[in-house]
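# Observations on chain architecture
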Amino acid sequence: MSLKLNLSYAGEFASDENLSSMAAEVSAAHEMLHNGTGLGNGFLGWVDLPVNYDKEEYDRIKKAAAKIRSDSQVLVVLGIGGSYLGARAVIEFVRSNNYNLIEKDTPNVYFGGNTISSSAVYELIELCKDKDFSVNVISKSGTTTETAVAFRVFKELLEKKYGKEEARGRIYVTTDRVKGALKGVAVTEGYETFVVPDNVGGRFSVLTAVGLLPIAAAGIDIDSLMQGAAEARAKYLNPDLMSNDCYKYAAFRNLLYRDGRCVEMLAAYEPSMTMFCEWFKQLFGESEGKDGKGLFPASAIFSTDLHSLGQYIQQGQKILFETVVWVNNPKNDVPIDLDPVNADGLNFLAGKSVSFVNRKAFEGTVLAHTDGDVPNVILEIDKMDERSLGHLIYFFEKACGISGYILGVNPFDQPGVESYKKNMFALLGKPGYEDLRAQLADRI
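Residues numbered from 1 in each chain as written. Predicted model: local features only at pLDDT ≥ 70, side-chain atom pairs only at ≥ 80, totals over all residues. Heavy atoms only, no water.

Turning our eyes to something else, we now look at the overall build of the protein chain. Of the regular secondary structure elements, the protein chain holds 16 helices and ten strands. Taken over the C-alpha trace, the protein chain has a radius of gyration of 23 Å; the compact-globule value for 444 residues is 22 Å, and the two agree within 12%. In the protein chain, which comprises 444 residues, the proportion classed as buried is 50%. For the protein chain, restricting intrachain contacts to residue pairs at least 6 apart in sequence, the fraction spanning at least 24 positions comes to 77%. Summed over its atoms, the accessible surface of the protein chain is roughly 19400 Å², and 51% of this surface lies on carbon and sulfur atoms. Distance between charge centroids for the protein chain: 5 Å, based on 46 positive and 58 negative side chains. (Helix = DSSP H or I, 4+ residues; strand = E, 2+ residues; numbered from the N terminus. Rg over C-alpha atoms; globule rule 2.2 N^0.38 Å. Buried < 20%, exposed > 50% of the residue type's maximum accessible area, 1.4 Å probe, protein only. Contact = heavy atoms within 4.5 Å. Areas by Shrake-Rupley, 256 points an atom, 1.4 Å probe, with all protein chains shown as cover. Lys, Arg positive; Asp, Glu negative; His and termini not counted. Charge placed at Lys NZ, Arg CZ, Asp CG, Glu CD.)

Further remarks concern unusual backbone geometry. Residue Phe302 is joined to Ser303 through a cis peptide bond whose omega torsion reads 5°. Mapped onto the elements, Ser303 comes out in the loop between strand E8 (296–301) and helix H12 (310–315). Look at Asp291: it is not a glycine, yet its phi comes out positive at around 55°. Within the secondary structure, Asp291 is located in the loop between helix H11 (274–288) and E8. Classification of Asp291 as exposed rests on a relative accessible area of 59%. A positive phi is found at Asp373, a non-glycine position, where the angle reads about 65°. Residue placement: Asp373 occurs in the loop between helix H13 (354–371) and strand E10 (376–383).

Attention shifts here to the pattern of salt bridges. For the structure on display, the rule yields 27 salt bridges. Of the charged contacts in the structure, one is a salt bridge between Arg359 and Glu363, with a shortest N-O distance of 2.9 Å. Separated by four residues within a single helix, Arg359 and Glu363 lie in helix H13, roughly one turn from each other. Judged by relative accessible area, which is 27%, Arg359 ranks as partly exposed. Assessed through its relative accessible area of 28%, Glu363 is described here as partly exposed. Ionic pairing is found between Lys360 and Glu363, a salt bridge with its closest N-O pair at 3.0 Å. Taken together, the residues Lys360 and Glu363, both in helix H13 and three residues apart, mark about one turn of the helix. When salt bridges that share partners are traced, they join Lys67, Asp71, Glu166 and Arg170 into one network. (Salt bridge = Lys/Arg side-chain N within 4 Å of Asp/Glu carboxyl O.)

Right, let's talk about the sheet that holds strand E4 (residues 133–138) for a bit. The sheet built from five strands is open, its strands ordered E3-E2-E4-E5-E6 with parallel pairing. Two strands close off the open sheet at either side, each with one partner strand: strand E3 (108–112) and strand E6 (192–195). In this sheet, adjacent strand axes meet at a mean angle of 20° when their direction is disregarded. In the sheet, strand E5 (residues 171–175) pairs with E6 via four bridges, with the strands oriented parallel. Across the sheet, residue Thr175 finds its bridge partner in E6, namely Val195. Sitting on the sheet, helix H6 (residues 145–168) is in contact with strand E2 (74–78), E4 and E5, with an inclination near 140° to E4. (Pairing = 2+ DSSP bridges. Axes fitted to C-alpha atoms, helices over the stretch in contact; angles between N-to-C directions.)

Here it is in structure tokens:
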């Protein structure tokens, strides 16, 4: 079992009758996705990616990752949005959210180019300057401000430390196949390059070179990751709604949305899933949040966030539902021993384990929240390994595409993201934005 969908805590919305009422819409969405007849059909490369990918580039990714592991104590990954969230999510999910602190024979992986905070950039420089390091810069255009600024800084740092020639062998560029500012620099300087596919949008790109190079550099088995995704692709090909758990999930979240549940909270009980939750939020937020429509994607790590958000979830406005990812077999476990003093009154747990307590917290929370009229969708996975994660990634990607088409939007564009960029360029004084800068001058 790679993934199991449990709708038994989802209330009346999950009845066979209600789900069946969505069959025609799901079938239409399936046809648009698999026949390429829907909006955004130029960005469907992710659908068959787990079995249809560039094998030559895949081998080069493995070789480059091996080189990074052999000559670098640190890998700096520069990218924003889909150019870093997927890779960071996988590394922390499979290895640990404390990956950079644990003992290992692979390099620390730091992510930059996703903020314009001068303090954050300075701290990243301090973490790297006395270490042997390499840089993987990821940008389709090469002109994304956050990433481009960071690459300027770290390219100069590498060249000062190693000289231009050796620095060239420590810079890995993931960008457009043939065009763009970064591609031009890579060709001129002779950097090794990998491709951001034209037909795969950033938030769907974790299983391309965008995610796979840093993931492999962290010592993660990308073959198993791709195997899990390939198994999910095969499993969720059936167009019949009632036989396809991925489509059930997509239909169910739309049923709740139409009933006024406008927030979906992805909840997990493992801190190492924090960045996976961030990846989920970009995936669904950029895909569905347009035309005045869409569920707002939120996240929480329980039981931690039960002590901050739990009150609202339980008794606040009934605007949300929860999708809970539960791991049946944790990576590690810790026994609870008998304490002769028993000052905390917990001797009734002696002989149990911490994972047992976590399981009961999960069960108790699901019951409490459903009693509080908060529907819960449970997604169970075997363990936090590459194969399970590959399956989970593809499950959410396909559910997102189907759900977006049911919603009636283009799930594969993000026009709203450009608004802040235009304003920022104008206010920075970038050539070509003079008229907009004049319009904004009296508003700041």
